[in-house]
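A look at the structure
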Amino acid sequence: MRDFRDAKAMAKAMRETLAARNIEISHSEALEIVARQFGVETWNILSAKIEAKLPENGVAFEQAVPIVRIFDVAKAHEFYLGFLGFSVDWEHRYGDNFPLYTQVSRGGLRLHLSEHAGDATPGGNMVVYMKGIRAFQKDLIGKNYRYMKPGLEDEGSRLEVEVTDPFQNRIRFMELKD
């Protein structure tokens, strides 16, 4: 999920969406609208808040977004959208009949799915820390996905749900115990 640090990207996305509908607004107008969406009066106030959040040395890392290799868009959508409950944020192809590169997300987790040969290695493995793993596992079982019925494993200091996509990429969802 985006927060105020994504304000410029949000303004750009809004301008592009409106332009596709033949509605033109300036970049500064878009920034002002986004600022109001975050409950501040002007872009200048929001911009100051963004700058104030940077650490002293100016270096800050944001969420890592894993790239996951896929080979079949329909199977990827069935798994990531249908089974795991992600939504498509955006899709990109360089032209007709070119490989897909897309971002999917759910509850603050973003993944990039790619059909491009050099982007990632099939059979990857990732760990995703989360809250609400019991409800998540129950939701997955309720989907009645015919290829997988993931259990909830108690690993001592954490609870874990493991899934494997149709391309042998493994995701281990973990919730640390208190």
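In what follows, the accompanying structure is described. Since the model is a prediction, treat every value here as computed from it, not as a measurement.

About the criteria used
- Residues numbered from 1 in each chain as written.
- Predicted model: local features only at pLDDT ≥ 70, side-chain atom pairs only at ≥ 80, totals over all residues.
- Heavy atoms only, no water.
- Pairing = 2+ DSSP bridges.
- Helix = DSSP H or I, 4+ residues; strand = E, 2+ residues; numbered from the N terminus.
- Axes fitted to C-alpha atoms, helices over the stretch in contact; angles between N-to-C directions.
- Contact = heavy atoms within 4.5 Å.
- Buried < 20%, exposed > 50% of the residue type's maximum accessible area, 1.4 Å probe, protein only.
- Phe/Tyr/Trp six-rings, centres within 6.5 Å; stacked < 30°, edge-to-face > 60°.
- Salt bridge = Lys/Arg side-chain N within 4 Å of Asp/Glu carboxyl O.

1. Overview of the sheet that holds strand S2 (residues 87-92)
If you trace the four strands from one edge of the open sheet to the other, you get S1-S4-S3-S2, paired in mixed fashion. What marks the edges here is a single partner per strand, and that holds for strand S1 (67-69) and S2. Shown here is a sheet whose adjacent strand axes are inclined to one another by a mean of 25 degrees, direction ignored. The pairing of S2 with strand S3 (residues 101-106) spans five bridges and is classified as antiparallel. Looking across to S3, one finds that Ser87 is bridged to Ser105. Contacting S1, S2, S3 and strand S4 (109-114), helix H4 (residues 73-83) runs over the sheet at an angle of about 145 degrees to S2.

2. Digging into the pairing of strand S5 (residues 125-129)
What you see with S5 is a clean split: Met126 and Val128 sit on the buried side and Asn125, Val127 and Tyr129 on the side with no burial. Looking at chain direction, S5 and strand S8 (residues 170-176) are connected through five bridges and run parallel. What sits directly across from Asn125, in S8, is Arg170.

3. A short note on the pairing of S8
S8 sits mainly inside the fold: five of its seven residues count as buried. With seven bridges joining them, strand S7 (residues 158-164) and S8 adopt antiparallel strand pairing. When the sheet's bridge partners are listed, Val161 is paired in S8 with Phe173.

4. Regarding the environment of Ile23
One can find Ile23 in the loop between helix H1 (7-20) and helix H2 (27-37). Residues Ile23 and Leu46, 23 residues apart in the sequence, show an inter-C-alpha distance of 25 Å.

5. Points about the packing of aromatic side chains
In the structure shown here, the tally under the stated rule is nine aromatic pairs. Look at Phe83 and Tyr145: their rings are 4.4 Å apart centre to centre, the planes differ by 20 degrees, and that puts the pair in the stacked class. With Phe83 in helix H4 and Tyr145 in the loop between helix H5 (133-142) and strand S6 (153-154), the pair connects residues that are 62 residues apart, well separated along the chain. Of the two residues, Phe83 and Tyr145, neither departs from the other in class, the shared state being buried. Site record: aromatic cluster; members linked through ring pairs are Phe79, Tyr80, Phe83, Phe86, Tyr145 and Tyr147.

6. What to know about the pattern of salt bridges
Tallied over the full model, the rule gives seven salt bridges. Across the salt bridge formed by Asp139 and Arg106, the nearest N and O atoms sit 3.6 Å from each other. Highlighted residues: Asp139 in helix H5 and Arg106 in strand S3, separated in sequence by 33 residues. Relative accessible area serves as the criterion here: at 28%, Asp139 is assigned to the partly exposed category. One salt bridge in this structure joins Lys177 and Asp154, with 2.6 Å as the shortest N-O distance. Here Lys177 is found in the segment after S8, whereas its partner Asp154 is found in strand S6, with 23 residues between them in sequence. The exposure class of Lys177 is partly exposed, given its relative accessible area of 36%. Taking the relative accessible area as the measure of exposure, Asp154 reaches 51% and is therefore exposed. Members of the salt-bridge network, linked through shared partners, are Arg106, Asp139 and Lys143.

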